[in-house]
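Each chain, letter by letter, is given below.
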Amino acid sequence: MGTHNLEELFQNKIDLEIKIEPKNWMPEAYRKTNIRQISQHAHSEIVGMLPEGNWISRAPSLKRKAILIAKVQDEAGHGLYLYAAAETLGQSREQMFNDLHSGKAKYSSIFNYPTLTWADMGAIGWLVDGAAIMNQVMLTRTSYGPYARAMVRICKEESFHQRQGFESLWVLSKGSEEQRALCQDAINRWWWPALMMFGPIDSESTNSDMSMKWKIKRKTNDELRQQFVDMIAEQVKLLGMTLPDPNLRWNEARKHYDFGEINWDEFWQVVKGNGPCNKERLEARKKAWEQGAWVREAAQAYANKQRTRNKAA
Amino acid sequence: MQQALLDYTLYLADSALILGQRNSAWCGHGPVLEQDIAITNITLDLIGQSRSLYQYAAQLNGGDATEDTLAYLRSEREYKNCLLAERPNGDWAQTILRQFLFSCFQRELYTQLTKEKDTTLAAIATKSLKEVTYHCRWSGEWVLRLGDGTAESHTRLVTALENLWPYTGELFKAADYELAMGLDPAALQTNWLAAVQSTLEEATLSLASLASCFMHVGGKKGVHTEELGYILTDLQYMQRAYPGCDW
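Thresholds, definitions, all that
- Residues numbered from 1 in each chain as written.
- Chains lettered and ligands numbered in written order.
- Predicted model: local features only at pLDDT ≥ 70, side-chain atom pairs only at ≥ 80, totals over all residues.
- Heavy atoms only, no water.
- Helix = DSSP H or I, 4+ residues; strand = E, 2+ residues; numbered from the N terminus.
- Rg over C-alpha atoms; globule rule 2.2 N^0.38 Å.
- Buried < 20%, exposed > 50% of the residue type's maximum accessible area, 1.4 Å probe, protein only.
- Contact = heavy atoms within 4.5 Å.
- Areas by Shrake-Rupley, 256 points an atom, 1.4 Å probe, with all protein chains shown as cover.
- Lys, Arg positive; Asp, Glu negative; His and termini not counted.
- Charge placed at Lys NZ, Arg CZ, Asp CG, Glu CD.
- Buried area = accessible area lost by both parts, 1.4 Å probe.
- Salt bridge = Lys/Arg side-chain N within 4 Å of Asp/Glu carboxyl O.
- Nonpolar A, V, L, I, M, F, W, Y, C, P; charged D, E, K, R; others polar.
- Axes fitted to C-alpha atoms, helices over the stretch in contact; angles between N-to-C directions.
- Parallel < 35°, antiparallel > 145°, perpendicular 65-115°, else oblique.
- 1 Å grid on protein atoms, 1.4 Å probe; cavity = no way out; pocket = protein on both sides within 12 Å on 5 of 7 lines; lining within 4 Å.
- Points joined across faces, edges and corners; volume = space filled by probe spheres on them.
- Core = buried A, V, L, I, M, F, W, Y, C linked by side-chain atoms within 4.5 Å.

Describe the overall build of chain B, listing the residues and the values that go with them.
Secondary structure summary: chain B contains ten helices and zero strands in total. Tracing chain B from N to C terminus, the helices and strands come up as α-α-α-α-α-α-α-α-α-α. Over its C-alpha trace chain B gives a radius of gyration of 18 Å, about what one expects of a compact globule, namely 18 Å for 247 residues. Overall size of chain B, expressed as C-alpha extent along the three principal axes, is 55 × 40 × 30 Å. When the 247 residues of chain B are sorted by exposure, 60% land in the buried category. Considering only contacts in chain B between residues 6 or more positions apart, those separated by 24 or more positions represent 82%. As displayed, chain B offers around 9600 Å² of accessible surface, 52% of which is attributable to carbon and sulfur atoms. Looking at charge distribution, chain B has the averaged site of its 19 positive side-chain charges lying 3 Å from that of its 30 negative ones.

Here it is, written out as structure tokens:
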């Protein structure tokens, strides 16, 4: 069978909603796109541990400390499933780490913003995890089987995180004047970066067309972004807070909220590495990996010795 | 008697919390993703234990005390954690060994407490013992890997042992509140030492040069190392900066 036929069969399976599994034939570009996207997603989970980890030592109560630690740990778990999913496509975890550390692989730009106050923990849960869920719910139906299955589990935990984030802001919104100010300030700082998480507008998104055809993606960046704005614009009312966008208003004709222009210059600057924390985040990951080298070597050496001993016994 | 029980409960709670606070700094920075998750599990267990104990202490204390006022509003001289818990994380070898020495101690201690006539402490000990058994196993396995791994890991573990051993004597030296409770920790030392020694020997480490080393004491009575002030500064920042708020 020629490649042409294989491609036709492959596309038929996609069209019939049959999942593509690791040992199935797939176009090289499909494999590459999935490796790029899944590893980028895994890196986002791991780098995403850093801004929230920043507040673990200072969490304001023991309950909040335990919740925050458990949440950051969940993200490590998500990273694990996702690296494992990418490994099924023939990419080693070590290679993925190398690509992250060299700057070749990207991660979500949102994590290049700093966490300045405790309220940022709530805002990240509500807005950042909220935005991520929009994307992730869609990905539970993505065409690559291992990725779709990893996303099912991740989505359950993420929606829990989003509720926790909202609840944490809810408490602030009912608290002292200072607490309410912390809450509003965090929303002001995280709103626009959260909208940027959906990526460039559709007409400028380079990876979109094939990803839609292959059902890696099922909704466009702009569709997901609109869905998110519609959801948050309602939820923010429950907090008695506002979103920092003077152009935000309900459009009866469209049955959607209109919203203002995203600062695309800022978006591209952060993607290019010029965000407030790009250097710090990457340095922290590299440092953990490099300083862990002797630990990994020791574990390997010990395992080798054990194997030799077991053989001898 | 009531004061002794309160002090003793706070000693247990503070030790678990301070070690949990120390370990939590590894979250997101571990040498291997799986181990980042594992040590964070232990962190969560320790913080969970401290919460049960603080809640009980709050009840014993009466008044407006809560788990959070006890954890967040007591000062350096009021904290009763053992000095071992506040030792710096250092490298992975030091963190692992600190956990191993502490968990093996907690295993003996909680085993003793399961038979305690105070039923709340006995119940907390019973629940925690399951967790601690795992902590001993996990950290013990890492002691073996590091001690019997590479030359570098062996050297690092030896250094960690030299750094930490002088803080183990305090665990078995009774504070007044322990004596008042009729709980002498000296009785725990033989079993603890046997367990620790057996793993260290398998890991090709020797305690010979440390047999008569000087032992630091004080934490259990509220006289700490300089480390604790910084730990509490981080831990208590929010409650001190925004007094009287709910979070």
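Anyway, onward from the coordinates.
An account of the interface of chain A and chain B is requested, with residue identities and associated values reported.
At the junction of the two partners, chain A supplies 47 residues and chain B supplies 47 residues. Both faces combined, the contact of chain A with chain B buries some 3900 Å², and carbon together with sulfur accounts for 67% of it. Linking chain A to chain B there are three salt bridges. In terms of residue count, helix α4 (residues 62-87) of chain A provides more of the side of chain A that touches chain B than any other element does, 14 residues in total. Here the side of chain A that touches chain B is built from residues that sort into 28 nonpolar, eight polar and eleven charged.

Account for the environment of G122 of chain A, naming residues and giving values.
Residue and element names in this part refer to chain A. As for its position among the elements, G122 is in helix α6 (residues 119-139). By relative accessible area, which is 0% here, G122 ends up buried. Placed 116 residues apart in sequence, G122 and L6 show a C-alpha to C-alpha distance of 48 Å.

I'd like a rundown of the packing of helix α13 (residues 293-312) of chain A against helix α6 (residues 119-147) of chain B, residues and numbers included.
Running from N to C, α13 of chain A and α6 of chain B cross one another at 90 degrees; their axes reach a closest spacing of 8 Å. In terms of axis orientation, α13 of chain A runs roughly perpendicular to α6 of chain B. In contact with W294, V295, A298, A299 and Y302 of chain A of α13 of chain A, α6 of chain B contributes W142, L144, R145 and L146 of chain B.

I'd love a proper account of the environment of R31 of chain A, names of residues and values included.
Residues and elements named next belong to chain A. Structurally, R31 is set in helix α2 (residues 28-47). With a relative accessible area of 22%, R31 lands in the partly exposed category. For R31 and A303, which are 272 residues apart along the polypeptide, the C-alpha to C-alpha distance reads 33 Å. Setting aside anything within four residues of it in sequence, one finds R31 in contact with M26 and L89.

Help me get a handle on empty space enclosed by the protein, residues and values and all.
Applying the stated rule across the entire model yields three cavities of 30 Å³ or more. Along the walls of the largest cavity sit 13 residues, with I67, L68, M121, Q164 and S168 of chain A positioned nearest its centre. Broken down by secondary-structure element, the contributors of at least two residues to the lining of the largest cavity are α4, α6 and α7 (145-173) of chain A. By volume, the second largest cavity amounts to about 80 Å³. Residue lining of the second largest cavity: I46, M49, F97, R285 and W289 of chain A together with G28, G30, P31, V32, L33 and D36 of chain B, and that is the complete set. Counting residues per element, the ones that place at least two in the lining of the second largest cavity are α12 (278-291) of chain A together with α2 (33-61) of chain B. Classifying every residue of the lining of the second largest cavity gives seven nonpolar, two polar and two charged.

Help me get a handle on the nonpolar core, residues and values and all.
One finds F228 of chain A together with Y8, W92 and L97 of chain B to be the most contacted residues of the largest nonpolar core, which totals 176 residues. Sort the elements by how many residues they give to this core and α2 of chain B lands first, with 14 residues. Not counting residues within four places of it along the chain, the set of residues in contact with F228 of chain A comprises L127, G130, A131, M134, W191, A194, L195 and F198 of chain A.

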